[in-house]
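Summary of the model geometry
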Amino acid sequence: FSKKIPAPIRGLLYFCGLLASLVHSRFSSCKLVHLHFFGYTALEWLTVKLVRFFGFKYVVTVHDVQSFIGGDKRLYSQYILSNAASLIVHNNYSLESLKAKASSLSINLPQVFVIPHGNHLAFIQKKDKWESREELGIPKNKKVLLFFGQIKKVKGVDLLLEALGKVQRDDFVLVIAGKVWKDDWASYQDYITEYGLNNKVISHIRYIADDEVDYYFSSADFVILPYREIFQSGVLLMAMSYSVVPVVSNLQGMTDIIENKKNGFVFESGSAQSLAETLDSVLAIDDLSDYQDTISDDIQNKFDWNRIGLSTVDVYKNVIKQG
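Notes on the structure in this doc start here. (Residues numbered from 1 in each chain as written. Predicted model: local features only at pLDDT ≥ 70, side-chain atom pairs only at ≥ 80, totals over all residues. Heavy atoms only, no water.)

**With respect to the sheet that holds strand S10 (residues 265–267)**
So the rule is basically this: When DSSP finds two or more bridges between a pair of strands, those strands are recorded as paired. Helical segments are the DSSP runs of H or I of at least four residues, strand segments are the runs of E of at least two, and each set is numbered from the N terminus. To get an axis, fit a line to the C-alpha atoms, keeping to the stretch in contact for a helix; angles then go from 0 to 180 degrees between the N-to-C directions. Contacts: residue pairs with any heavy atoms within 4.5 Å of one another.
Pairing in this open sheet of six strands is parallel, and the strands run S7-S6-S5-S8-S9-S10 from one edge to the other. Every interior strand has two partners, whereas the edge strands, strand S7 (201–204) and S10, have only one. When strand polarity is set aside, the average angle formed by the axes of neighbouring strands in this sheet is 20°. In terms of strand pairing, strand S8 (residues 222–225) meets strand S9 (residues 245–249) through four bridges, oriented parallel. In the sheet register, leucine 225 faces S9, and the bridge partner there is valine 248. Sitting on the sheet, helix H11 (residues 272–283) touches strand S5 (143–148), strand S6 (172–177), S8, S9 and S10, and the angle it makes with S10 is about 160°.

What follows is the structure, encoded as structure tokens:
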């Protein structure tokens, strides 16, 4: 719901929508509810309470094992995870983290399945690079680095700006596109000035509408993900769906997908110097076609929705079979 709607009204609308969905599911003879959670707050707890009140078993896709914006509560986590019929995570790092979380909370987990996050190929429309740059007002004679998505401390935009201040090359621009989340853009603008990047950073600090997304990724040579923490990045798979070459921190949530110098580039997490050196190296590459071909192959085969759908159906069958 729009943030312009007061929080109590948004909560009421959510509750009414959830209630209507569960009533419809009950009359439709559904046996199972599949939930997708990014955290364990009162909202998720209430959702599960209602699902169980209606007599449904439920499966949870645990996108983030621990919320990066706070609000998780021990009792909520225990209730949600321990009562699930099965859990799904997107990679081995999330599986290991979930097991560690369960151990710390003394939770007996149900069966956990590793099913990757799917690609975005069915939902995108690649556009001409030069037309996209013209649409967005991006120079055509520079290599384009893209940071896309919510701007918050855990995403490492400050680290990226510090690294760009150390980069030796001058043939690039950085496009930052997204809304600020519980942070202050003014501090990043101060970094841009401090590191002498005013002519190298194009800032589109706002909500990016769906019909604009194609232009941003189609215009980019590299997408930069300098995250300090991550379990699974939708932006990474979005970039790969456009065959844009990713530069990522060496967090396991990234390296489970990206192999350095094969389908992207990896730098030391938290190190502006390592990121600067990596950017100097990638900006020197004139022909990215081999990387793009590898990325295209990976995104079509490893993250294919048909395979993911069949794996998810197997989870459902397993739960229903248990009775």
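After that view of the structure, there is still more to cover.
**Concerning the pairing of S5**
As a reminder, the rule being used: Any residue under 20% of the maximum accessible area for its type is buried, any over 50% is exposed, and the rest in between are partly exposed; the area is computed with a 1.4 Å probe on protein chains only.
In terms of burial, S5 is a largely internal element, six of the six residues being buried. On S5, burial covers both faces: Lys143, Leu145 and Phe147 on one face and Val144, Leu146 and Phe148 on the other are all buried. Where S5 lies against S6, six bridges are found, and the strand directions are parallel. Residue pairing across strands places leucine 145 opposite leucine 174, the latter belonging to S6. Sheet topology note: the S5/S8 ladder contains two bridges and is parallel. Along S8, the bridge assignment pairs leucine 146 with valine 223.

**Notes on the sheet that holds strand S2 (residues 57–62)**
Two modes of strand pairing occur in sheets, parallel and antiparallel, and in both the strands are linked by backbone hydrogen bonds. If you walk across this open sheet you meet the four strands as S1-S2-S3-S4, and the pairing is parallel. Each end of this open sheet is capped by a strand with a single partner; those strands are strand S1 (32–37) and strand S4 (111–114). When strand polarity is set aside, the average angle formed by the axes of neighbouring strands in this sheet is 25°. Examined bridge by bridge, strand S3 (residues 86–89) and S4 share four bridges and lie parallel to one another. Note that in S4 the partner of leucine 87 across the bridge is valine 112.

**Digging into the side chain of threonine 47**
One can find threonine 47 in helix H2 (residues 42–53). If we ignore the near neighbours within four places in the chain, the residues touching threonine 47 are Tyr14, Leu18, Leu35 and Phe37.

**Thoughts on unusual backbone geometry**
Although it is not a glycine, serine 29 sits at a positive phi angle of roughly 65°. Its identity is not glycine, yet serine 106 carries a phi of approximately 60°, on the positive side. Mapped onto the elements, serine 106 comes out in the loop between helix H4 (92–104) and S4.

**Description of the pairing of S8**
Going by this rule: When the strands point away from the viewer, a crossover counts as right-handed if the path from the first strand over the helix to the second runs clockwise.
Residues of S8 alternate between two faces, with Phe222 and Ile224 on one and Val223 and Leu225 on the opposite face, all of them buried. Handedness of the S8-helix H9 (residues 234–241)-S9 crossover: right-handed.

**A look at the packing of aromatic side chains**
Going by this rule: Paired rings are identified among Phe, Tyr and Trp, the last through its six-membered ring, by centres lying within 6.5 Å, and are further divided according to the angle between planes into stacked (under 30 degrees), edge-to-face (over 60) and tilted (the rest). The rule for a charge over a ring is simple: NZ of Lys or CZ of Arg within 6 Å of the ring centre, and within 35 degrees of the ring normal.
In the structure shown here, the tally under the stated rule is 10 aromatic pairs. Ring centres of phenylalanine 148 and phenylalanine 217 lie 4.9 Å apart, and the angle between their planes is 55°; on these two criteria the pair is classed as tilted. Taken as a pair, phenylalanine 148 in strand S5 and phenylalanine 217 in helix H8 (residues 210–219) lie far apart in primary sequence, 69 residues in all. For the pair phenylalanine 148 and phenylalanine 217, a shared accessibility class is recorded, and that class is buried. An angle of 50° between the planes, with centres 5.1 Å apart, marks the rings of phenylalanine 265 and tyrosine 291 as tilted. On the criterion of sequence distance, the pair formed by phenylalanine 265 in strand S10 and tyrosine 291 in helix H12 (residues 289–301) is long-range, its members being 26 residues apart. Using a relative accessible area of 6% as the deciding quantity, one classes phenylalanine 265 as buried. Each member of the aromatic cluster is reached from another via a ring pair, and the members are Phe148, Tyr216, Phe217 and Tyr242. Against the face of phenylalanine 56 rests arginine 26, its NZ or CZ located 4.4 Å from the ring centre.

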